[in-house]
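Structure assessment
Now for the letters of each chain:
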Amino acid sequence: MKILIFALVGVVAQLIDGALGMAFGVTSTTLLILSGVTPAHASASVHIAEIGTTFFSGLSHWRLKNVHWPTVLSLGVPGAIGAFCGAYLLSNLSTESAEPVVSTLLVLLGAYVLVRFVSLPWKGGIETKPMSPTKRARTGLGVLGLLGGMLDATGGGGWGPVTTSTLMSVGKSEPRRIIGTVNTAEFLVTAAAVAGFIFGMGDELTQNWRPVLGLLIGGAIAAPIAAWVVTVVKPRTLGMVVGTLLIVLNGIRLVNYFGVAGVVVLVAVGLAVLFALVRLRTSSLLEGSLNDDADSEATGGAAGDGKAAGQGQGSRAATSASTEERSATSSEV
């Protein structure tokens, strides 16, 4: 009976992930915890199940030339370090201590997904160049990977919402290459997280075979359905629903643990952070728009100057021809 429940969890999570390209981890972790699985076991089960999915996903993207390997290393290696540390930390927390930590992370991730799809729609630019390999870019990718990996392991998910959304908002590469690169790097993160859980939990992982099997069965069943869902439901609408559900479900658990006052403080801090992110993103979009307008004006001005120059040259040629014609006529006369 429990395997059926876990399979249903896998179906729901895969439907969401197939339509959004993210949120399999946070959705399945939340639903597994609600079904009675401890936070550490829920996160471990999700990551074990994801080893196979991330491997084949990365392989598929590589064959389609959607992977930029320098970025995979710059993002995935720090992400693996963060995931290992986060998994080991979560494994050594008691259930009572882990519950509010994981629920808090899931609430914040849910808020991030919600704001991401409400206020910050995907930027589908036409850039085709690979991500910048500069030292500054590698440092930024390393920090992003470290934070994303730690959040992914401790919260049971979050690699996609954090890394894919951030790189998409920067808009310095094609969306398909960003998604392919992030999915390939996720294999390193997932493998490191599982190693951290093995190191921290040991023989307890043998208790996870039912959730793992259920997630795999449910995910396999839902994969083709998800491909159809994405053609019917708008990703923005689904993202809003997912973000709201994550906030509500995990917020209820936080109310039971901290009381209303604690949740109010948490929500206030989260809203302040999200407001800052939205303002920052809005400013960058405005700056990019102004730069595009300036480039367009410069291009138009150059074209106009070229056209005027061409007209001037044509006019001078016509004048010269007319003068020569008059001279010839005079000579004949």
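Sequence positions are assigned chain by chain, starting from 1 and proceeding in written order. For a predicted model such as this one, the threshold for reporting local features is a pLDDT of at least 70, and the threshold for listing and counting side-chain atom pairs is 80 or more; totals across whole chains, interfaces and linings nevertheless cover every residue. Hydrogens are left out, water is left out, and the side-chain values use all remaining heavy atoms of the structure.

In the annotation of an unreviewed UniProt entry, the chain is listed under the name Probable membrane transporter protein and assigned to Corynebacterium zhongnanshanii. UniProt positions are given in the numbering used here, feature names are shortened, and annotations may be inferred rather than shown by experiment. The Sequence similarities (unreviewed entry) field of the UniProt record for the chain holds the comment "Belongs to the 4-toluene sulfonate uptake permease (TSUP) (TC 2.A.102) family."

**With respect to a nonpolar patch on the surface**
Exposure above 30% relative accessible area and the absence of a salt bridge qualify a residue for a patch, where like charges join within 9 Å and nonpolar side chains (Val, Leu, Ile, Met, Phe, Trp, Tyr) within 5 Å. The Shrake-Rupley method, run with a 1.4 Å probe, gives the accessible areas here. Residue values count only the displayed protein chains as cover. Salt bridge, as applied in this entry: a Lys or Arg side-chain nitrogen positioned within 4 Å of an Asp or Glu carboxyl oxygen. A surface patch of nonpolar side chains, amounting to about 550 Å² of accessible area, comprises Phe 55, Phe 56, Leu 59, Trp 62 and Trp 69. Each helix is a run of DSSP H or I of at least 4 residues and each strand a run of E of at least 2, with the numbering of both proceeding from the N terminus. Counting residues per element, the nonpolar patch draws most heavily on helix H3 (residues 39-63), which supplies four residues. When you line up the elements, Phe 56 lands in helix H3.

**Remarks on the packing of helix H5 (residues 95-118) against helix H6 (residues 135-155)**
Every axis corresponds to a line fitted to the C-alpha atoms, with the helix fit spanning only the stretch in contact, and the corresponding angles, defined between N-to-C directions, vary from 0 to 180 degrees. Running from N to C, H5 and H6 point in directions that differ by 125°, and their axes come no closer than 9 Å. For the element pair H5 / H6, the angle class is oblique. Remark: the crossing between H5 and H6 carries left-handed chirality. Together, Val 102, Leu 105 and Leu 106 of H5 and Leu 151, Thr 154 and Gly 155 of H6 make up the contact between the two elements. Reported orientations rely on four angle classes, namely roughly parallel under 35 degrees, roughly antiparallel over 145, roughly perpendicular from 65 to 115, and oblique for the rest. Crossing handedness follows the turn of the near helix against the far one: under a right angle anticlockwise gives a left-handed crossing, and clockwise gives a right-handed one. Pairs of residues are marked as contacts when any of their non-hydrogen atoms sit within 4.5 Å.

**Remarks on the packing of aromatic side chains**
By convention, a stacked pair of Phe, Tyr or Trp rings (six-membered ring in the case of Trp) has centres within 6.5 Å and planes under 30 degrees apart, an edge-to-face pair has planes over 60 apart, and any other such pair is tilted. One pass over the full model with this rule turns up four aromatic pairs. Plain terms: the ring middles of Phe 55 and Phe 56 are 5.3 Å apart, the flat faces sit at 80° to each other, and that makes the pair edge-to-face. Residue Phe 56 is classed as exposed on the basis of its relative accessible area, which comes to 53%. Here the aromatic cluster, defined as three or more aromatic residues joined through ring pairs, consists of Phe 55, Phe 56 and Phe 187. Type-normalised accessible area, obtained with a 1.4 Å probe on protein chains alone, sets the label of each residue: buried when under 20%, exposed when over 50%, and partly exposed for intermediate values.

**Details of the environment of Ser 28**
By the secondary structure assignment, Ser 28 is in helix H2 (residues 24-34). Between the C-alpha atoms of Ser 28 and Gly 157, which are 129 residues apart in sequence, the distance is 8.5 Å. Beyond its immediate chain neighbours, meaning those up to four positions away, Ser 28 contacts Val 9, Ala 13, Val 46 and Leu 215. A polar side-chain atom of Ser 28 sits 3.2 Å from the main-chain carbonyl oxygen of Gly 25. As used in this structure description, the phrase polar contact means that two N or O atoms lie within 3.5 Å; if the pair is within protein, one of them must be able to donate a hydrogen and the other to accept it, and residues adjacent in sequence are counted only when both atoms belong to side chains.

**A look at the confidence of the model for the chain**
Confidence scores per residue from the predictor, reported as pLDDT, run from 0 to 100. With 70% of its residues at a pLDDT of 70 or more, the chain shows a mean pLDDT of 74. Ranking the elements of the chain by mean pLDDT puts helix H11 (residues 260-332) last, at 57, and helix H4 (residues 69-91) first, at 92. For the stretch residues 123-130, pLDDT sits under 50, and the model shows 20 contacts to residues farther than four places along the chain or on other chains. Scored below 50 in pLDDT, residues 324-333 shows zero contacts in the model against residues more than four places distant or in partner chains.

**Some remarks on the packing of H2 against H5**
At their nearest, the axes of H2 and H5 sit 11 Å apart, and the two run at 140° to each other. In terms of orientation, H2 lies oblique with respect to H5. Note on packing geometry: the crossing formed by H2 with H5 is left-handed. Contact with H2, carried on its side by Val 26, Thr 29, Thr 30 and Ile 33, involves Val 102, Leu 106 and Leu 109 of H5 and no other residues of that element. When residues are grouped by polarity, Ala, Val, Leu, Ile, Met, Phe, Trp, Tyr, Cys and Pro land in nonpolar, Asp, Glu, Lys and Arg in charged, and all others, Gly among them, in polar. Residues belonging to the contact of H2 with H5 are distributed by class as follows: five nonpolar, two polar and no charged.

**Notes on unusual backbone geometry**
Even without glycine at this site, Lys 65 takes up a positive phi of about 60°. Positionally, Lys 65 belongs in the loop between H3 and H4.

**Overview of H6**
Helix span, as expected, comes to 1.5 Å for every residue beyond the first. Over its 21 residues, H6 runs 30 Å from end to end, which matches the ideal 30 Å to within 8%, given 1.5 Å per residue. Among all positions in H6, only Leu 141, Gly 142, Leu 144, Gly 145, Gly 148, Gly 149, Asp 152, Ala 153, Thr 154 and Gly 155 are buried. Phi for Gly 156, located one or two positions after H6, is positive at around 80°.

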